[in-house]
Amino acid sequence: MKLSLQAVTKKAVEAYPITPRDEWVLNWPGQVVLASGIIHWTVDVTKVWNNSIYIYIYIYIYIYIYSVCVYVYVCVCVRVCTRV
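Residues numbered from 1 in each chain as written. Predicted model: local features only at pLDDT ≥ 70, side-chain atom pairs only at ≥ 80, totals over all residues. Heavy atoms only, no water.

1. So, the overall build of the protein chain
Looking only at helices and strands, one finds three helices and zero strands in the protein chain. Counting across all 84 residues of the protein chain, residues that qualify as buried make up 13%. For the protein chain, the accessible surface area stands at approximately 7,500 Å², while carbon and sulfur atoms represent 70% of it. (Helix = DSSP H or I, 4+ residues; strand = E, 2+ residues; numbered from the N terminus. Buried < 20%, exposed > 50% of the residue type's maximum accessible area, 1.4 Å probe, protein only. Areas by Shrake-Rupley, 256 points an atom, 1.4 Å probe, with all protein chains shown as cover.)

Next comes the structure, spelled out in structure tokens:
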């Protein structure tokens, strides 16, 4: 039974991208639909995560560099102001 479910699930996963979802859901058993849907959801979320992580790293680095520049500017201003 496990092997037959595995084979059916494999076929359903392969059919998912090429079949309209409404038709795909009706063509496969419920357990297989749930498992295959979770597989494709995980793949999609992983793609989004991998693509967006670079944006968040860029934003973090930008904010860090900006805050360091502000800190240095304030330190220089304080030193200049205390000399007067």
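Let's pick the thread back up.
2. Considerations on the confidence of the model for the protein chain
On average, residues of the protein chain score 79 in pLDDT, and 76% of them are at 70 or above. For the protein chain, helix 3 (residues 30-83) is the element with the lowest average pLDDT, namely 74, and helix 1 (residues 2-15) is the one with the highest, namely 89. (pLDDT = per-residue confidence, 0-100.)

3. Overview of the packing of aromatic side chains
For the structure shown, the criterion picks out one aromatic pair. For the pair Y16 and W24, a centre-to-centre distance of 4.7 Å together with 85° between the ring planes defines the contact as edge-to-face. By relative accessible area, W24 is classed as buried at 0%. (Phe/Tyr/Trp six-rings, centres within 6.5 Å; stacked < 30°, edge-to-face > 60°.)

4. Comments concerning the nonpolar core
Formed by A12, A15, W24, V32 and V33, the largest nonpolar core amounts to five residues. For this core, the elements supplying multiple residues, two or more each, are helix 1 and helix 3. With residues near it in sequence (within four places) discarded, A15 still touches W24 and W28. (Core = buried A, V, L, I, M, F, W, Y, C linked by side-chain atoms within 4.5 Å. Contact = heavy atoms within 4.5 Å.)

5. Considering a nonpolar patch on the surface
The grouping of I55, Y56, Y58, I59, Y62, I63 and Y66 at the surface amounts to a nonpolar patch, some 850 Å² of accessible area in total. Residue placement: Y62 occurs in helix 3. (Patch = residues over 30% accessible without salt bridge, like charges linked within 9 Å, V, L, I, M, F, W, Y side chains within 5 Å. Salt bridge = Lys/Arg side-chain N within 4 Å of Asp/Glu carboxyl O.)

6. Some details on the side chain of H40
Looking at the element boundaries, H40 is found in helix 3. Setting aside residues up to four positions removed in sequence, H40 forms contacts with V13, Y16 and P17.

7. Points about helix 1
Residue pairs spaced three or four apart in an α-helix point in one direction, given the helix's 3.6 residues per turn. An ideal rise of 1.5 Å per residue puts 20 Å on 14 residues; helix 1 measures up with 20 Å between its terminal C-alpha atoms. Restricting attention to buried positions, one finds in helix 1 the residues T9, A12 and A15. An end-on view of helix 1 places all buried positions within 125° of arc, on one side of the element. Along helix 1, the residues that are exposed and aim more than 90 degrees away from the buried face are L3, Q6, K10, K11 and E14. (Expected span 1.5 Å × (residues − 1). Arc of directions from axis to C-beta.)

8. Some remarks on the side chain of S36
Residue position: S36 is located in helix 3. Among all residues touching S36, those that are not within four sequence positions of it are T9, A12, V13 and W24.

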